[in-house]
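Here are the chains, one letter per residue:
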Amino acid sequence: MALRVMLDIERIRVQFGDSVAVSDVSLHVEAGTITGLIGPNGAGKTTLFNTITGFCQPQAGQVRLAGHDITALPPHRLFAKGAVRTFQIAHEFSSLTVRENLMVVPAQQSGERIVQSWINRHRINREEAMLRTQADEIIGFLDLDPVADLPAGKLSGGQKKLLELGRTMMTRASLVFLDEIGAGVNRTLLKKIGDSIRHMNEHQGVTFFLIEHDMAFVSRLCHRVICMAEGRLLAEGSMDEIMANEDVIQAYLGAKSASDVEGS
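Residues numbered from 1 in each chain as written. Predicted model: local features only at pLDDT ≥ 70, side-chain atom pairs only at ≥ 80, totals over all residues. Heavy atoms only, no water.

Where strand β9 (residues 224-229) lies against strand β10 (residues 232-237), five bridges are found, and the strand directions are antiparallel. When the bridges of β10 are listed, valine 225 appears paired with glycine 237. Two successive antiparallel strands, β9 and β10, enclose a turn made up of two residues, where glutamate 230 displays a positive phi of approximately 55°. (Pairing = 2+ DSSP bridges. Helix = DSSP H or I, 4+ residues; strand = E, 2+ residues; numbered from the N terminus.)

This is how it looks when you write it as structure tokens:
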């Protein structure tokens, strides 16, 4: 039985002056899967993510989410459609606590409207209680209980990445873009991040599309892997197929064997 396509990219082209960052890339991400995007630095991976998620405008091509055209749609519109992303560098509110960072994520809260804060305080209190319960459940799930009341700016790099993942959980997103979620994270926390992603995928049906350089992490999580090089799509398939592809090995690291890539 064929899986439903969640994300469909058709001939996307992004150019900055005379430099072509993404050259006629077409790919798809199936619903309910974890898809990895790999490639050397400068391959165009983050530019492609930025283009899909509305932070960058393409010169050509189309992006469709669940069959609907979302090309050049701004990030807040994508957020409302259930597509959210994280960044290479965590974007926490450093002075707010971990719990507060989670509670501020859901959109259209009654307390955001001044008039409602005057005339409907009971409704606001109920919403805040529900959000706090949801945030505490996520904090427990991610093992962030010891730091729940600390300012997020005091967290370690790995804890900030967990918090980023927790913020996506507050949105009830259907599609999550992860840009190097494992970068700078120690192995213990990286395992926790991986376990959390797998749990969200298997038990909540969240589709993930992730950029990552840690090949062991990609191999452990991803159902399908796509490789880019020099702004172009180079190969796609299972991790075993990618590891056996000599073009990928040469383009990715200039390595001579798959074992060199596996050790990256």
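Before going further, it helps to spend a moment on the nonpolar core. Ranked by size, the top nonpolar core spans 47 residues in total, and within it Leu165, Leu178, Ile193, Ile197, Phe208 and Val218 carry the most contacts. Ranked by the residues each element gives to this core, the list is headed by helix α7 (residues 187-204), at five residues. When near neighbours in sequence (up to four residues on either side) are disregarded, phenylalanine 208 contacts Val29, Thr33, Ile34, Thr35, Leu165, Val176, Leu178, Ile197, Met200 and Asn201. Counting residues in each nonpolar core, the second largest holds 29 residues, with Val14, Leu65, Ile211 and Ile226 among its members. (Core = buried A, V, L, I, M, F, W, Y, C linked by side-chain atoms within 4.5 Å. Buried < 20%, exposed > 50% of the residue type's maximum accessible area, 1.4 Å probe, protein only. Contact = heavy atoms within 4.5 Å.)

Taken in spatial order, the four strands line up as β2-β1-β4-β5 in an open sheet, and their pairing is antiparallel. This sheet does not close on itself; its edge strands, each paired only once, are β2 (19-30) and β5 (68-69).

Just distances and angles here, no functional claims.
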